[in-house]
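Each chain, letter by letter, is given below.
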Amino acid sequence: MEERMLTLKGKSFQNFDDAADSILKMISKIVDMNTIFIAKNDKKTNRIVKAVNTKEVLVDEGDELPFKDTYCKLSVDHGREILVIEDITKNDLSQPLQVTENLGSGSFIGIPIYYENGDNYGTICGLDTNNINFSDQHIEIFETMASLLTYVLELDKANQQIQTLSAPMVPVTKGVAILPIIGEITAPRAENIIHTALAKSQDYDLDYLIIDLSAVTHINATVSGALLKLANILGIIGVKPILTGFQPIMALNAIQVHADLKDILIESTLERALESIGFTLVKDN
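As the structure is a computational prediction, the values presented were derived from the model and not from experiment.

The subject of this paragraph is the overall build of the protein chain. A tally of helices and strands in the protein chain yields 8 helices and 13 strands. For the protein chain, the residues scored as buried account for 48% of the 285 residues in total. Considering only intrachain contacts with a sequence separation of at least 6, the fraction spanning at least 24 residues in the protein chain is 63%. With an accessible surface of roughly 14900 Å², the protein chain has 49% of that area assigned to carbon and sulfur atoms.

Per the stated rule, a full pass over the model turns up 2 aromatic pairs. Between Tyr71 and Phe108, the ring centres sit 5.2 Å apart and the planes meet at 45°, which makes this aromatic pair tilted. One end of the pair, Tyr71, is in helix 2 (residues 71-77); the other, Phe108, is in strand 7 (residues 107-114), with 37 residues separating them in the sequence. Classification of Tyr71 as buried rests on a relative accessible area of 5%. Between Tyr115 and Tyr121, the ring centres sit 6.1 Å apart and the planes meet at 80°, which makes this aromatic pair edge-to-face. Since its relative accessible area comes to 6%, Tyr121 is described here as buried. The cationic tip of Arg80 hangs over the ring face of Tyr114; the distance from NZ or CZ to the ring centre is 4.0 Å.

Another point: the nonpolar core. Counting residues in hydrophobic clusters, the biggest one holds 29 residues, and the most contacted among them are Ile27, Ile38, Ile124, Phe142, Met145 and Leu149. The leading source of residues in this core is helix 4 (residues 136-165), at 8 residues. Ile194, Leu209, Ala226 and Ala231 belong to the second largest nonpolar core, which has 25 residues in total.

So, about the packing of helix 5 (residues 187-203) against helix 6 (residues 221-236). Here helix 5 crosses helix 6 at 10°, and the two axes come no closer than 9 Å. With respect to helix 6, the axis of helix 5 lies roughly parallel. Contacts from Ala187, Ala190, Ile193, Ile194, Ala197, Leu198 and Ser201 of helix 5 reach helix 6 at Val223, Ala226, Leu227, Leu230, Ile233 and Leu234. Grouping the constituent residues of the contact of helix 5 with helix 6 by class yields 12 nonpolar, 1 polar and no charged.

A word on the sheet that holds strand 8 (residues 120-128). Here we have 6 strands laid out as an open sheet, ordered 5-4-3-8-7-6, and antiparallel in their pairing. Only two strands of the sheet have a single partner each, and these edge strands are strand 5 (64-66) and strand 6 (83-85). Direction aside, neighbouring strands of the sheet carry axes that sit 25° apart on average. Relative to strand 8, strand 3 (residues 35-41) is paired through 6 bridges, and the arrangement is antiparallel. Looking at the pairing, Ile36 lines up with Gly126 of strand 8. Running at roughly 55° to strand 4 (residues 45-53), helix 1 (residues 16-30) makes contact with strand 3, strand 4 and strand 8 of the sheet.

Side chains that differ in charge, positive against negative, can pair when their charged atoms come close. Summed over all chains, the structure comprises 4 salt bridges. Its salt-bridge partner being Asp77, residue Lys73 comes within 2.6 Å of it at the nearest N-O pair. A residue pair is termed a helical-turn pair when its members lie 3 or 4 positions apart in one helix, as Lys73 and Asp77 do in helix 2 at 4 residues. Its relative accessible area of 52% is what places Asp77 among the exposed residues. Taking the shortest distance from any N to any O, the salt bridge between Glu267 and Arg272 comes out at 3.6 Å. In this structure Glu267 comes out as buried when scored by relative accessible area, which is 15%. The class for Arg272 is partly exposed, based on a relative accessible area of 45%.

Below, the discussion takes up the pairing of strand 3. Regular strands show a simple pattern: their side chains alternate between the two faces of the sheet. Summarising burial for strand 3: 6 of the 7 residues are buried, a large majority. The pairing of strand 3 with strand 4 spans 7 bridges and is antiparallel. Within the sheet, the bridge partner assigned to Thr35 lies in strand 4 and is Asn53. A loop of 3 residues connects strand 3 with strand 4, the two strands running antiparallel in sequence, and Lys43 in this loop sits at a positive phi of about 75°.

The next thing to look at is the side chain of His138. Tracing the backbone shows His138 in helix 4. Among the polar contacts made by the side chain of His138, one reaches the side chain of Ser135 at a distance of 2.8 Å. Residue contacts for His138: discarding those within four places in its chain leaves Val31, Ile109 and Asn133.

How each quantity is defined
- Here the residue numbers are simple positions, counted from 1 along each chain's written sequence.
- Local features are withheld for residues below a pLDDT of 70 in this predicted model, meaning they are given only at 70 or higher, and side-chain atom pairs are given and counted only at 80 or more; totals for whole chains, interfaces and linings count all residues.
- To obtain the side-chain values, all non-hydrogen atoms of the structure were included, while hydrogens and water were left out.
- Helix and strand definitions follow DSSP, with helices as H or I runs of at least four residues and strands as E runs of at least two, each counted in order from the N terminus.
- Three exposure classes are used, based on accessible area relative to the maximum for each residue type with a 1.4 Å probe and protein chains only: buried under 20%, partly exposed in between, and exposed over 50%.
- In what follows, residue pairs with any heavy atoms lying within 4.5 Å of each other are defined as contacts.
- Calculation of accessible area relied on Shrake-Rupley with a 1.4 Å probe; when residues are assessed, cover is drawn exclusively from the protein chains displayed.
- Any pair of Phe, Tyr and Trp rings, taking the six-membered ring for Trp, is counted once the centres come within 6.5 Å. Such a pair is stacked with planes under 30 degrees apart, edge-to-face with planes over 60 apart, and tilted for the rest.
- Distance and angle both matter: a charge sits over a ring if NZ of Lys or CZ of Arg is within 6 Å of the ring centre and within 35 degrees of the ring normal.
- Here, nonpolar core means buried Ala, Val, Leu, Ile, Met, Phe, Trp, Tyr and Cys residues that are tied together by side-chain atoms lying within 4.5 Å of each other.
- Note on geometry: axes are lines fitted to C-alpha atoms, helical ones only across the stretch in contact, with angles between N-to-C directions running from 0 to 180 degrees.
- Orientation labels follow simple angle bins: below 35 degrees gives roughly parallel, above 145 gives roughly antiparallel, 65 to 115 gives roughly perpendicular, and whatever is left gives oblique.
- All residues other than Ala, Val, Leu, Ile, Met, Phe, Trp, Tyr, Cys, Pro, Asp, Glu, Lys and Arg, Gly among them, are scored as polar; the first ten of these are nonpolar and the last four charged.
- Pairing between strands is defined by DSSP: at least two bridges between the two strands are required.
- Definition used for salt bridges: Asp or Glu carboxyl oxygen within 4 Å of a side-chain nitrogen of Lys or Arg.
- Side-chain atoms alone can form a polar contact between residues adjacent in sequence; in general such a contact is a pair of N or O atoms within 3.5 Å, and within protein one must be able to donate a hydrogen while the other accepts it.

Any functional reading would require information beyond the geometric quantities listed.
Spelled out as structure tokens, the structure:
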């Protein structure tokens, strides 16, 4: 399984946060507005997840307001069309809001960001304390970036699903589970596997975790070291690790990173691993 990545102006991004940060910086260079930001809402709270302020700080990452009291709600209520307010003090929608009183004057532009299934994620917006005459270019940029962020959201979701599928924890019986690792293992995926394995080992109250590497297609010395680190950490928290499908290249890599294998049980197959902890596989005639 291969992670899909977004490439923008020659730079690759592996997740929504990475891409969103770069997109805001790009818009800020093109559009002469003080603040460009992305907000996420759950219909109750509006939270700023990314923000670029060129002069004064109008909003900052982590800021939260009740959704009903924000320009973002006005944008979402406006539908899929971009909302343009050139003077927030004279617009019937924005004028009554407390945020308008706090700003004193200014302009707002915003458009919702949606998942492909139509659910709203949040908004991408521009805000300034000066009154701005928005051009067709302003509108086109925000519309384009909102569409791009929809794609990035779906890409991020797909990558998370791929990471989950590449290392699914399979409980066998009380205290025993199998972790089959599938596909190409990169350094970021190895870290994800470590965190997942440790968390689920504790959730399942495991005594044994069989880590099956037979379906791994590519691995380097660094990643081998990370997976062997996982096996050692499992031992520290009281879970006996058993490695199966340990390919010759992994053994060579383990030597290169000076991995300590003396406390790790290594078996050639999953069947032998289960037998080593007392399970016998019997064919039902």
